[in-house]
Amino acid sequence: MSANANTASLPLELQTEQNRMNILGFWLFLGAEIVLFSTLFAVYGVLGQRYAGGPTQQDIFIVRDVLIQTFLLLTSSFTMGIAIYEMRRSNMKGLILWLVLTLLLGAGFLFMEIREFIHYVDLGATWQTSAFLSSFFVLLGTHGLHVSIGIGWAILLIIQLKKRGLTPITARKAFIFGLYWHFLDVVWIFIFTFVYLAGLVN
């Protein structure tokens, strides 16, 4: 069997050497992102109970809203997985449909997070109030910024797919975006567990 035949049997996004190198490079980028978020989690771990007379987690967290945010983001990870599945089936309409659903769920998550921050500020809980709130807002704000970037990225990706169709290049871009989006979901699971759940239990 020829090398070309072996390559053709691979998923579209892996059929060129350049694509495989780009995907590997993005995995390395995610490694740097893991270091960034690990540092922010470590800072929160140190400062998370330094309230300086201000509100604690139990005073400001709203369980219902956090659960809605978690549902929206984890569901978006599921829809992103279906989008990649449809891409592998060469189903352009399915790919775009599930990407749009992923984008909408991500936008819903971002809306809930902004509303959460506004609620905290209304309670007088700003990033200047205490070390706890400083580390909290930096951690969640950094994650929210990444989600915002992801939403913009998804919009550009959908536009490019509509213009250029499903090619090895657009398939690689969609696959890399999927890696990025799943990474944000994993980070949120850690935030949900170590910030919200641990904060409400302590």
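Everything here concerns the structure above.
On a predicted model such as this, the values are computed, not experimentally measured, just so you know.

Caption draft 1: Spatial organisation of unusual backbone geometry. Even without being glycine, alanine 52 reaches a positive phi, approximately 50°. Turning to its location among the elements, alanine 52 is positioned in the loop between helix H2 (17-47) and helix H3 (57-60). With a phi close to 60°, serine 90 is a non-glycine residue in the positive phi region. We classify serine 90 as exposed; its relative accessible area is 56%.

Caption draft 2: Layout of the nonpolar core. Grouped together as the largest cluster of nonpolar side chains are 55 residues, with contacts concentrated most on Leu99, Tyr120, Phe136, Leu139, Ile191 and Tyr196. Listed by contribution, the elements that provide at least two residues to this core are H2, helix H4 (63-88), helix H5 (92-122), helix H6 (131-164) and helix H7 (168-201). Of the residues forming this core, the biggest block, 16 residues, is contributed by H7.

Caption draft 3: Representation of H2 in the model. Across its 31 residues, H2 extends 46 Å between first and last C-alpha, which sits within 8% of the 45 Å expected from 1.5 Å per residue. Restricting attention to buried positions, one finds in H2 the residues Asn19, Ile23, Phe26, Leu30, Glu33, Phe37, Leu40, Phe41 and Tyr44. Looking at the buried side of H2, the elements it contacts are H3, H6 and H7.

Criteria and thresholds
- Residues numbered from 1 in each chain as written.
- Predicted model: local features only at pLDDT ≥ 70, side-chain atom pairs only at ≥ 80, totals over all residues.
- Heavy atoms only, no water.
- Helix = DSSP H or I, 4+ residues; strand = E, 2+ residues; numbered from the N terminus.
- Buried < 20%, exposed > 50% of the residue type's maximum accessible area, 1.4 Å probe, protein only.
- Core = buried A, V, L, I, M, F, W, Y, C linked by side-chain atoms within 4.5 Å.
- Expected span 1.5 Å × (residues − 1).
- Contact = heavy atoms within 4.5 Å.

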